[in-house]
Amino acid sequence: MQITFAEESQGQLHNERSYDGPIVPVGRNPATCQIIFDQKQWPTVSRQHAQFQLKNDRWFVSDSGSTYGTLVDGHIITEPTEVRLHSRVQFGTGGPVLVITKIESGIAQETLVDPPLHAPQSAPTPVLKPNVGAQPPQASQSHPVEPVFVELSGAGTGRLHRIDLSKEVTRFGREPGLEGAIDADAAVVSRRHAEIQRRDGSYILVDLGSFNGTLLNGRRIVTPEVLQNDDRIELGPGGPTLRFLNPAHPERDTANQPPQYVGTASGRLAQKPPAPSSKLATMVLRSESPLQITGGLDAGTFVQQPVKLSNRRTSFRLVLLF
């Protein structure tokens, strides 16, 4: 009753291996684990990270109390979770990924076909709801679209630096060799601070458990977030800044933006109404009548005392742009 895995790297599957079970431990300890990952290459993998187990002709994976957790199809698991053909199992956020390519049992056999192997589409990460069936937009042959990239500036960089997001994962931090390596003088930046993942045509910002946090448009993120064109990313408060630029999608999607709030006279916060359309209104002020606003979005009548201008009663009209 075999289960077969392949390692996923840069959109390709390789190093396919089969195991008979009933338990297949995963981690860094070669004395106790069957699937072993190197600590220097994969620091998110614990010595005893997780295990696959065969129960009633079904394969399950469970976390073994790892530091960075185990994810199945982008979701952190807290209990034994069944895996099937195409399931993606990741050992810590940003850690190695195993894809189930074949499951054999006494009843049936599932398998991936048509080598060479290609990685299946990624499942959504936590709290994100991408359209799994959506394909990235195709650039016109006559007008090729510029690749997606970030502009790195601020402390520890010394100058504006462009980094193309051409890989599945682009990491940022003070550790040498990262795609977005930051100068060691940037004290607010962790060795492995954050990363941008490319999934199903979307670009997702993930904090890697950094000490000072990662900010998106001035707000510290606690879960992975989908990036939009012209988003600003800070690696720690006051740290280096990344400007995310996606030439293929220059417009920002404001439909799912969080509501804004304004203060009221009572001291409480109220949700700020959407900006009204550009319509002209006329405000008429007379000494013998209340203040009136007519013809505009917020037409109404308000109590107003008569006023004097230059020691005489005066009527005048103001046109306001709402």
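Above this text you will find the structure in question.
Residues numbered from 1 in each chain as written. Predicted model: local features only at pLDDT ≥ 70, side-chain atom pairs only at ≥ 80, totals over all residues. Heavy atoms only, no water.

## Concerning the overall build of the chain
Okay, so step 1: A count of helices and strands for the chain gives 0 helices and 31 strands.
Okay, so step 2: Taking all 322 residues of the chain together, the buried fraction comes to 36%.
Okay, so step 3: Taking the intrachain contacts of the chain between residues at least 6 apart in sequence as the baseline, contacts between residues at least 24 apart amount to 42%.
Okay, so step 4: Accessible surface, the chain as shown: approximately 18900 Å² in total, 50% of it carbon and sulfur. (Helix = DSSP H or I, 4+ residues; strand = E, 2+ residues; numbered from the N terminus. Buried < 20%, exposed > 50% of the residue type's maximum accessible area, 1.4 Å probe, protein only. Contact = heavy atoms within 4.5 Å. Areas by Shrake-Rupley, 256 points an atom, 1.4 Å probe, with all protein chains shown as cover.)

## Some details on the sheet that holds strand E9 (residues 81–82)
Okay, so step 1: On the basis of which strands lie adjacent, the open sheet formed by 5 strands has the order E4-E3-E5-E6-E9 and mixed pairing. Two strands in the sheet have a free side with no partner beyond their single neighbour: strand E4 (35–36) and E9.
Okay, so step 2: In this structure, strand E3 (residues 23–27) lies alongside strand E5 (residues 50–55), joined through 4 bridges in antiparallel fashion. The partner of Ile-23 across the bridge, within E5, is Gln-53. (Pairing = 2+ DSSP bridges.)

## Here we look at the nonpolar core
Okay, so step 1: If you look at the biggest cluster of nonpolar residues, it comprises 22 residues, and the most contacted ones within it are Phe-52 and Phe-91.
Okay, so step 2: Elements with a contribution of two residues or more to this core: strand E1 (3–9), E3, E5, strand E6 (58–63), strand E10 (88–91) and strand E11 (97–104).
Okay, so step 3: Setting aside residues no more than four positions away along its own chain, Phe-52 makes contact with Phe-5, Pro-22, Ile-23, Val-24, Val-26, Trp-59, Phe-60, Val-61, Val-83, Val-89, Phe-91 and Ile-100.
Okay, so step 4: Within the second largest apolar cluster, 20 residues are counted, among which are Leu-165, Ala-186, Ile-196 and Leu-242. (Core = buried A, V, L, I, M, F, W, Y, C linked by side-chain atoms within 4.5 Å.)

## Some words on the pattern of salt bridges
When the charged atoms of two side chains lie near each other, side chains of opposite charge can form a pair.
Okay, so step 1: Applying the stated criterion across every chain, the model contains 13 salt bridges.
Okay, so step 2: Glu-151 is the salt-bridge partner of Arg-243, the closest N and O atoms lying 3.7 Å from each other. Of the two residues, Arg-243 sits in strand E23 (residues 241–245) while Glu-151 sits in strand E13 (residues 149–153), which places them 92 residues apart along the sequence.
Okay, so step 3: Taking the relative accessible area as the measure of exposure, Arg-243 reaches 28% and is therefore partly exposed.
Okay, so step 4: The partner of Asp-230 in a salt bridge is Arg-232, with the nearest N and O atoms 2.5 Å apart.
Okay, so step 5: Members of the salt-bridge network, linked through shared partners, are Glu-151, Asp-230, Arg-232 and Arg-243. (Salt bridge = Lys/Arg side-chain N within 4 Å of Asp/Glu carboxyl O.)

## What about the pairing of E1?
Okay, so step 1: Burial analysis of E1 places 5 of its 7 residues in the buried class, the great majority of the element.
Okay, so step 2: Where E1 meets E11, 6 bridges bridge the pair, whose relative direction is antiparallel. Bridge pairing in E11 links Phe-5 to Ile-100.
Okay, so step 3: Pairing geometry for E1 and strand E2 (residues 12–19), over 6 bridges, is antiparallel. Looking across to E2, one finds that Glu-7 is bridged to His-14.
Okay, so step 4: In sequence, E1 turns back onto E2 through a hairpin of 2 residues, with Gln-10 there showing a positive phi of about 50°.

## Observations concerning the environment of Glu-151
Okay, so step 1: Along the chain, Glu-151 and Asp-164 lie 13 residues apart, while their C-alpha atoms are 8.9 Å from each other.
Okay, so step 2: Once residues within four sequence positions are removed from consideration, Glu-151 is found in contact with Leu-160, His-161, Thr-241, Leu-242, Arg-243 and Leu-245.

## Some remarks on the packing of aromatic side chains
Given two aromatic rings, one states the distance between the centres and the angle between the planes to describe the pair.
Okay, so step 1: All told, the structure shown has 4 aromatic pairs when counted by the stated rule.
Okay, so step 2: Residues Phe-5 and Phe-52 carry aromatic rings whose centres are separated by 4.5 Å and whose planes lie at 50° to one another, so their mutual orientation is tilted. With Phe-5 in strand E1 and Phe-52 in strand E5, this pair connects stretches of sequence that are 47 residues apart.
Okay, so step 3: Assessed through its relative accessible area of 0%, Phe-52 is described here as buried. (Phe/Tyr/Trp six-rings, centres within 6.5 Å; stacked < 30°, edge-to-face > 60°.)

## Focus on unusual backbone geometry
Okay, so step 1: The backbone phi angle of Asn-15 is positive, close to 55°, even though this residue is not glycine.
Okay, so step 2: As for its position among the elements, Asn-15 is in strand E2.
Okay, so step 3: At Asp-230, a residue that is not glycine, the phi angle is positive and equals roughly 75°.
Okay, so step 4: With respect to the secondary-structure elements, Asp-230 resides in the loop between strand E21 (225–226) and strand E22 (232–235).
Okay, so step 5: The class for Asp-230 is partly exposed, based on a relative accessible area of 29%.

## Topic: the sheet that holds strand E18 (residues 202–207)
Okay, so step 1: Pairing in this open sheet of 5 strands is mixed, and the strands run E16-E15-E17-E18-E21 from one edge to the other. Bordering the open sheet on either side are strand E16 (180–181) and E21, each of which pairs with just one other strand.
Okay, so step 2: Looking at chain direction, strand E15 (residues 169–173) and strand E17 (residues 194–199) are connected through 4 bridges and run antiparallel. Residue pairing in the sheet places Thr-170 in a bridge with Ile-196 of E17.

## Some thoughts on the pairing of E18
Okay, so step 1: Two strands pair when backbone bridges link them, and E17 and E18 are joined in this way by 6 bridges, in the antiparallel orientation. Each residue of the ladder has a partner; that of Gln-197, found in E18, is Ile-204.
Okay, so step 2: Where E17 folds back onto E18 in an antiparallel hairpin, the turn is made up of 2 residues, including Asp-200, whose phi is positive at roughly 50°.

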